[in-house]
Amino acid sequence: MKRFEGKVAIVTGAGSGIGQGIAKRLGCEGAKVIVDYVGNPDGAQETEAAIEKAGGQGSIVRADVTRMNDVKWLVDSAWEQFGSADILVNNAGMEKKSEFWDTPESDYDQVMAVNLRGPFFLTQTFVRRLRDAKKTGRVINISSVHEDMVFPGFDSYCCSKGGLRMLMRNLAVELGPLGITVNNVAPGAIATPINKALLEDKPKLDALLKNIPLGRMGTPEDVAGVVAFLASDDAAYVTGSTFVVDGGLMRNYREQ
Ligand code: BGC
């Protein structure tokens, strides 16, 4: 028996990068997966195809986590199509680079809406259904090493991820009595589209790689393995924590 058989997972931002890796992993291990996307229908189809190829079931839903109607529609879709929603992976995220002095209001609003407001209200909608159905569940937020570590030029991103860290801690306490666990996975430098500019800038990339003790960028699969653990029965007693997946990046401060 596959370890997520009988479970339904919602993965936001599952059309590319880390979200795609997570959706594939959960689907290949037996979960029915709601493959959420916004801008990348081809990617979402690729995710669904990979899940089906492994004998699993996926369903693509286009929902923007910054819109309440979409958020409701996303959770309703899981219950209508698959009869439940047991695992929520708040993965959809974005970053905008600018000097603090020059950050436009619209960039700040967009980053906070996708990275923090989205998970806040999607989790609220997700757990209301679980509470009404008297079911337990799992919430896993994909935050970042920057929920804790500074990242000059990405102030709104750091605010959103730091907020996600405190949201996770609060909700672990508030939702624990319902048997709902809440944890964060904090990736470091993972080779995905969010890092396109960095991946194309060799000197910057080489400098970053020097800071990573394991000597390479991470992959979506590296992150997906930890998410699968947190979604599994092995993590039944784990809540309120952040799991860093960064090849040692955060621990590697050195005076030059
Ligand atoms: C950011 C990347 C960055 C990495 C390591 C991630 O959260 O999205 O742009 O390279 O952290 O600093």
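Located above this text is the structure these notes cover.
Residues numbered from 1 in each chain as written. Predicted model: local features only at pLDDT ≥ 70, side-chain atom pairs only at ≥ 80, totals over all residues. Heavy atoms only, no water.

**Observations concerning helix α4 (residues 105-133)**
When the terminal C-alpha atoms of α4 are compared, their 40 Å separation across 29 residues agrees well with the 42 Å that a helix rising 1.5 Å per residue should span. Remark: lysine 134 follows α4 within two positions and exhibits a positive phi of approximately 55°. (Helix = DSSP H or I, 4+ residues; strand = E, 2+ residues; numbered from the N terminus. Expected span 1.5 Å × (residues − 1).)

**Section: the packing of aromatic side chains**
One pass over the full model with this rule turns up 4 aromatic pairs. Aromatic pair phenylalanine 120 and phenylalanine 121: ring centres 4.8 Å apart, planes at 55°, arrangement tilted. Owing to a relative accessible area of 24%, phenylalanine 121 belongs among the partly exposed residues under this scheme. Both rings, one in phenylalanine 151 and one in tyrosine 157, keep their centres 6.4 Å apart while their planes meet at 70°; by these two values the pair is edge-to-face. On the basis of relative accessibility, which here comes to 25%, the residue phenylalanine 151 falls in the partly exposed class. Assessed through its relative accessible area of 8%, tyrosine 157 is described here as buried. Members of the aromatic cluster, connected to one another through ring pairs, are Phe151, Phe154 and Tyr157. (Phe/Tyr/Trp six-rings, centres within 6.5 Å; stacked < 30°, edge-to-face > 60°. Buried < 20%, exposed > 50% of the residue type's maximum accessible area, 1.4 Å probe, protein only.)

**Regarding the site of the ligand**
The environment of the ligand is formed by Glu95, Ser144, His146, Phe151, Tyr157, Gly188, Ala189, Ile194, Asn195 and Leu198. Within the side chain of serine 144, one N or O atom sits 2.6 Å away from an oxygen atom of the ligand. For the ligand, whose free accessible area comes to 310 Å², the fraction covered by protein is 90%. Its residues assigned to classes, the shell around the ligand comprises 5 nonpolar, 4 polar and 1 charged. (Near = heavy atom within 4 Å. Polar contact = N/O pair within 3.5 Å; in protein donor to acceptor, adjacent residues only side chain to side chain. Areas by Shrake-Rupley, 256 points an atom, 1.4 Å probe, with all protein chains shown as cover. Nonpolar A, V, L, I, M, F, W, Y, C, P; charged D, E, K, R; others polar.)

The values are spatial; any link to function lies outside them.
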